[in-house]
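Overview (structure and organization)
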Amino acid sequence: MGVFWTPSTIDLAMFNASDTINGGDVAWILTASSMVLFMTPGLSFFYGGMVGKKNVISTMLQSFICLGVVTLLWVTVAFSLAFGEPVGVNLTEGFYSFFGNPGTFTFMDNVGLLPHKQLAPTIPFLLFALFQMKFAVITPAIITGSFAERVRFISFLLFICLFTIFIYAPLCHWVWYPTGFLGSYFGVKDFAGGTVVHMSAGFAALAGVLVLGKRKNANHIPTNIPFVLLGTGMLWFGWFGFNAGSALAANGTAAMAFATTTTASAAAMLAWLFFDKLNGRKASALGACVGAVVGLVAITPAAGYVSIPESMFFGFSTAIVSNLVLYAPFMKKIDDTLDVFACHGVGGIMGMILTAIFAHGENASLLHGGWLVFAHHLTALVVVSVFTFFGALVLFKLTNAIIPLRVSAESEQKGLDLSQHGESLEQIKNEPLGIANLMK
């Protein structure tokens, strides 16, 4: 065994000729990339409608700002860390890597328009990089729901930079790069990000809640349920790009992922509502929205690997487990504002386990002769959970040491909209700006 560091030069042998580009695949991934970007504003509405009226703008901005911050991080260093030339170890059975050389694609000047033979053989490598960027953008945005209504905005910006560089990009490499150790050694299957996106966000959210502590007033009334419904619809629409786009081609796998995505979400939405009724709660619009999103999370790692009936089971079973966790006594002891861990963390865990049980293919899962794959998935689940939770815990504490994470009690009472941004819903309502104001 020996440590192996690859040089920063680009090996042109890794790329196909330009005539291998498939126009249909390019058109679909351009569309899918746009749909995944659309998910971040969708998440903004989804979260913004759930919080109290003093924190709607701040909560929505915390998601929306990721489009700016993570985009620039991605093109400068994070894409290289995720998909650059691999840094890892040579073992007797092969080479396994842990992250990419951060200098490989600095500013993405040398990404190019040729297709990468292993990563995306029929589309320009630049398009692959931009598609993956949208996943990197929404992951820290998901975390924001856990500490909404009490986090300092500038501290949050620092944290998402650290999270993207030190947690998301390496984990992305572990799972999706051809020599990444979770994918190549453990055989982890993650079709579209159940592990990379949702588990990492869920466990980071849990760490953030523990570091920031509870809100002074944790009992708020959601400001705008129609916002939540709108956000859910935008997320559901964008998730087709998220999952079906991860086929990286306009083919049958993309079509199956498209189908399993919507059936899993439909099953989860209904299961959530009926389970709420069985437990004496009303069948609420908020519950329907949360259930639908849980189903989308659950099917994400398996979207292209399972059948439609199996996807319905993914949604149904995960909705029940997530609902149980959300209302569990131990969850009441912490203040996960918008239940990010119960929805995304638990949904990602369930998706990873169920993928290891149901994924089609010879020796691909427990039901198809792959008992070792199932065991490896469980091991990888522990690895990812520990890495993302404790890694995020360290980053939250580091951020807090540099710039305190929590706003003052006075700012929290005033609301983050005014205390952090000098804006409020009342201001927008009573003092119209721009053209509308000029036309008075």
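In short, a report on the structure. (Residues numbered from 1 in each chain as written. Predicted model: local features only at pLDDT ≥ 70, side-chain atom pairs only at ≥ 80, totals over all residues. Heavy atoms only, no water.)

Some words on the layout of surface pockets
Of the volumes computed, that of the largest pocket is approximately 720 Å³. Contributing to the lining of the largest pocket are 25 residues, with L326, Y327, K332, T337 and D339 lying nearest its centre. Elements with a minimum of two residues in the lining of the largest pocket: α9 (252-278), α10 (285-299) and α12 (329-332). The element that contributes the greatest number of residues to the lining of the largest pocket is α10, accounting for three residues. When grouped by side-chain class, the residues that make up the lining of the largest pocket number 11 nonpolar, five polar and nine charged. Its boundaries defined by the atoms lining it, the second largest pocket holds a volume of some 400 Å³. Forming the boundary of the second largest pocket are 23 residues, of which L119, W176, F191, S246 and L248 lie nearest the centre. In terms of residue count, helix α4 (residues 125-143) provides more of the lining of the second largest pocket than any other element does, four residues in total. (1 Å grid on protein atoms, 1.4 Å probe; cavity = no way out; pocket = protein on both sides within 12 Å on 5 of 7 lines; lining within 4 Å. Points joined across faces, edges and corners; volume = space filled by probe spheres on them. Helix = DSSP H or I, 4+ residues; strand = E, 2+ residues; numbered from the N terminus. Nonpolar A, V, L, I, M, F, W, Y, C, P; charged D, E, K, R; others polar.)

Some thoughts on the packing of helix α11 (residues 308-326) against helix α13 (residues 340-358)
Helix-helix packing: each pair is described by the crossing angle between the helix axes and the interaxial distance. Following both chains from N to C, one finds α11 and α13 inclined at 140°, their axes separated by 9 Å at the closest point. Considering the angle they form, α11 stands oblique to α13. For the pair α11 and α13, the sense of crossing is right-handed. Every residue of α13 that contacts α11 at E310, F313, F314, S317, T318, V321, S322, V325 and L326 is listed here: A342, C343, V346, G347, M350, G351, L354, T355 and F358. (Axes fitted to C-alpha atoms, helices over the stretch in contact; angles between N-to-C directions. Parallel < 35°, antiparallel > 145°, perpendicular 65-115°, else oblique. Left-handed = near helix turned anticlockwise from the far one by under 90°. Contact = heavy atoms within 4.5 Å.)

Here's the deal with the environment of A271
Along the chain, the position of A271 falls in helix α9. Exposure remark for A271: the relative accessible area of 6% places this residue in the buried category. In this structure, the C-alpha to C-alpha distance between A271 and T318, residues 47 residues apart in sequence, is 9.2 Å. Those residues in contact with A271 that lie beyond four places of it in its chain are F316, A319 and I320. (Buried < 20%, exposed > 50% of the residue type's maximum accessible area, 1.4 Å probe, protein only.)

Details of the packing of aromatic side chains
Overall, the coordinates contain 32 aromatic pairs when judged by the stated rule. Note on F131 and F135: the rings are 5.0 Å apart at their centroids and 70° apart in plane angle, and the pair reads as edge-to-face. Of this pair, F131 and F135 both sit in helix α4, four residues apart, which is roughly one turn of that helix. Assigned by exposure class, F131 and F135 land together as buried. Clustering of aromatic rings is evident, with ring pairs tying together F15, W74, F79, F83, F105, F125, F128 and Y168. We note R281 situated over the ring of Y327; from NZ or CZ to the ring centre the distance is 3.7 Å. (Phe/Tyr/Trp six-rings, centres within 6.5 Å; stacked < 30°, edge-to-face > 60°. Lys NZ or Arg CZ within 6 Å of the ring centre and 35° of its normal.)

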